[in-house]
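Commentary on secondary and tertiary structure
The residues making up each chain are set out below.
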Amino acid sequence: MNLAVVGAQWGDEGKGKLIDILSQDSDVTVRYQGGNNAGHTVVVKNKEYVFHLLPSAILHKGKICVIGNGVVIDPKALIGEIKELEGKGLKVSPKSLKISGRAHIVMPYHRILDGLRETKRKNKIGTTGRGIGPCYADKVTRCGIRMIDLLNPEVLKAKLEDNLAEKNETFSKVYGEKDFPFGDIYQEYLDYGKYLKDYICDTAFFLHELIEKKKTVLFEGAQGTFLDIDFGTYPFVTSSNSTVGGIGPGTGVPPTKIDKVIACVKAYTTRVGEGPFPTEFPEDFNDQIRTKGNEFGATTGRPRRCGWFDSVLVRYSVILNGVTNLAIMKLDVLDNLEEVKVCVAYKYKGKTYKTFPEDLEVITKAEPVYETLPGWKDSTRGVRDFKKLPKNAKAYIKRLEELLKVRVKYISVGTKRDEIIVR
Ligand code: GDP
Ligand code: IMO
Ligand code: MG
């Protein structure tokens, strides 16, 4: 059975932890979009690992990890991640990691352009500054450089020359910045190619062969549904399809081969970067939950904005992703509150919205309509059986199931691998 895990809010739902757990029962774990804008945390015993490009299954011996063609790869960051793991005594080899030759490469000018665009814009997106948007833009403009090109000096030379001619003109004329010298980048990227060459293959063929042999595949989404380039709160989104639909073009595995989709959500909501957030807490409560939930970006360290659970938002995610089950993470962060709230509708200019509106103005200015439930003045951290959760915590989960019309299968109550309830 092939399973997909997608973020159903604005990212950082706890996908890394869930993938680490679920990948124990799959043969292969595949990233299909995004790049090192992602930060997926896995905690084993007391050690914390944060993965940006490597799939979060990489800690399991004997499992295969794949970086699909839909991912944008910053080779410097990827090699850094591989070396960091090796420094901790974990071997990464071309047997355990496969990288698509078709994946596009983040170049130094993408990273710089990402930053420059942000500083010039009045309405900032608050990107991670990793060059993700400019890299995907080049992919679509058809001037991108791909992993496979790193293995062919002639092709890399021709592509880089073409790109630099155009980029350097933009950098000097639009931004008043220095030129990028050809020689330095060319040599640097040829060296990355030499380092990564044994990992590079046609991952679409590779995955099809495994699926033919009835091996099981786990697809690891990065970001979240409302950061999706099409369905997110555009323009405050990332540049790829983080919804389940991204899997086909991002891996070459067709939708007919995906059997189940798990939506990963927090028991509340967070967002990092700019953009609308209807259920955002007032400042003092925001600080309290941020501290309790350690809500600081795994990639940039930025403080995350926090708010109540928004069922209007997540219900749309359930529909868009064809979700079969839900995983609710970080329930423990809501322990010991007097009451908890769930947003069940939005109100704007006298109109009530029970489904997620398309218009950014509505999403930005809408007043959330809340349902208030009693809190559970107890700790959930040690609980491993749904029945043993505090009564009001069970009622909270059941109310979410009713609102979202989908069954909650996993409830996470702490950062560690074993701090999970499976129903
Ligand atoms: P991802 O991007 O979806 O993989 O999520 P991140 O790793 O960016 O952020 C999730 C954070 O929550 C990480 O620091 C995790 O260690 C932590 N976490 C995951 N599940 C739980 C949980 O059930 N309870 C608590 N307290 N922390 C959790
Ligand atoms: P994971 O996989 C949370 C946000 C950025 C910014 C917007 C665009 O860890 O859930 P980008 O650098 O992609 O152009 O930034 O998207 N963003 C994320 N927010 N989690 C992520 O990934 C994110 N990846 C990008 O903060 O608002
Ligand atoms: Mg994250």
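Residues numbered from 1 in each chain as written. Chains lettered and ligands numbered in written order. Predicted model: local features only at pLDDT ≥ 70, side-chain atom pairs only at ≥ 80, totals over all residues. Heavy atoms only, no water.

Section: the pattern of salt bridges
Overall, the coordinates contain 24 salt bridges when judged by the stated rule. Linking R305 and E280 is a salt bridge whose minimum nitrogen-to-oxygen distance equals 3.0 Å. Of this pair, R305 sits in strand β13 (residues 305-307) while E280 sits in the loop between β12 (269-271) and α9 (283-292), placing them 25 residues apart in sequence. What makes E280 partly exposed here is its relative accessible area of 30%. Connected through shared salt-bridge partners, D12, K266, E295, R304 and K330 make up one network. (Salt bridge = Lys/Arg side-chain N within 4 Å of Asp/Glu carboxyl O. Helix = DSSP H or I, 4+ residues; strand = E, 2+ residues; numbered from the N terminus. Buried < 20%, exposed > 50% of the residue type's maximum accessible area, 1.4 Å probe, protein only.)

Looking at the sheet that holds strand β7 (residues 97-100)
Pairing within the open sheet is mixed, and its ten strands lie in the order β9-β7-β5-β2-β10-β1-β11-β15-β19-β20. The two strands at the open ends of the sheet, each matched to only one other strand, are β9 (200-201) and β20 (420-422). Strand direction decides the pairing type here: strand β2 (residues 28-31) and strand β10 (residues 217-220), joined by four bridges, are parallel. Within β10, the position partnered with T29 by the bridge is L218. Relative to strand β1 (residues 3-7), helix α1 (residues 15-22) is tilted by about 165 degrees, and along the sheet it contacts β1, β2, β10, β11 (260-266), β15 (325-329), β19 (408-412) and β20. (Pairing = 2+ DSSP bridges. Contact = heavy atoms within 4.5 Å. Axes fitted to C-alpha atoms, helices over the stretch in contact; angles between N-to-C directions.)

So, the coordination of the magnesium ion (ligand 3)
Taken together, D12 (OD) and G39 (O) make up the protein donors of the magnesium ion (ligand 3), found 2.0 to 2.2 Å from the metal. Here D12 is found in the loop between β1 and α1, whereas its partner G39 is found in the loop between β2 and β3 (40-44), with 27 residues between them in sequence. A relative accessible area of 11% places G39 in the buried class. (Donors = N, O, S within 2.8 Å, 3.2 Å for Na, K, Ca; no water.)

Side note on the packing of helix α3 (residues 108-120) against helix α4 (residues 132-141)
Interhelical geometry of α3 versus α4 gives an angle of 115 degrees and a closest axis separation of 7 Å. The handedness of the crossing between α3 and α4 comes out as right-handed. Mapping the contact onto sequence places Y109, H110, L113, D114 and R117 in α3 and I132, P134, C135 and D138 in α4. When the residues that make up the contact of α3 with α4 are grouped by side-chain class, the tally is five nonpolar, one polar and three charged. (Left-handed = near helix turned anticlockwise from the far one by under 90°. Nonpolar A, V, L, I, M, F, W, Y, C, P; charged D, E, K, R; others polar.)

So, the site of ligand 2
Surrounding ligand 2, one finds 20 residues, the nearest of these being K15, H40, T128, Q223 and T238. Backbone polar atom of G39 to an oxygen atom of ligand 2: 2.9 Å apart, as the coordinates give it. Q223 places a main-chain nitrogen or oxygen 2.8 Å from an oxygen atom of ligand 2. About the coverage of ligand 2: the protein hides 98% of its 560 Å² of free accessible area. Grouping the amino acids of the shell around ligand 2 by side-chain chemistry returns seven nonpolar, ten polar and three charged. (Near = heavy atom within 4 Å. Polar contact = N/O pair within 3.5 Å; in protein donor to acceptor, adjacent residues only side chain to side chain. Areas by Shrake-Rupley, 256 points an atom, 1.4 Å probe, with all protein chains shown as cover.)

As for the packing of α3 against helix α5 (residues 153-173)
α5 packs onto α3 with a crossing angle of 25 degrees between their chain directions and a minimal axis gap of 12 Å. What the angle tells us is that α3 and α5 run roughly parallel. When the axes of α3 and α5 are compared, the crossing they make is left-handed. Residue-level contacts link Y109, I112, L113 and L116 of α3 to L160, N163, L164, K167 and F171 of α5. For the contact of α3 with α5, a count of residues per class yields seven nonpolar, one polar and one charged. (Parallel < 35°, antiparallel > 145°, perpendicular 65-115°, else oblique.)

Topic: the nonpolar core
Judged by nonpolar contacts, the single largest core of 56 residues is most densely connected at F219, L326, L331, Y396 and I411. For this core, the element with the highest residue contribution is helix α12 (residues 391-404), accounting for six residues. Both domains that meet at this core, namely domain 1 (3-100 + 200-261) and domain 3 (262-422), each give it at least three residues. Setting aside residues no more than four positions away along its own chain, L326 makes contact with I262, A263, V265, V318, L404, V406, R407, V408, K409 and Y410. The next biggest cluster of nonpolar side chains, apart from the first, holds 43 residues, and it includes F51, Y109, L116 and I200. (Core = buried A, V, L, I, M, F, W, Y, C linked by side-chain atoms within 4.5 Å. Domains from an automatic or database assignment.)

Just geometry here; none of it tells us what the structure is for.
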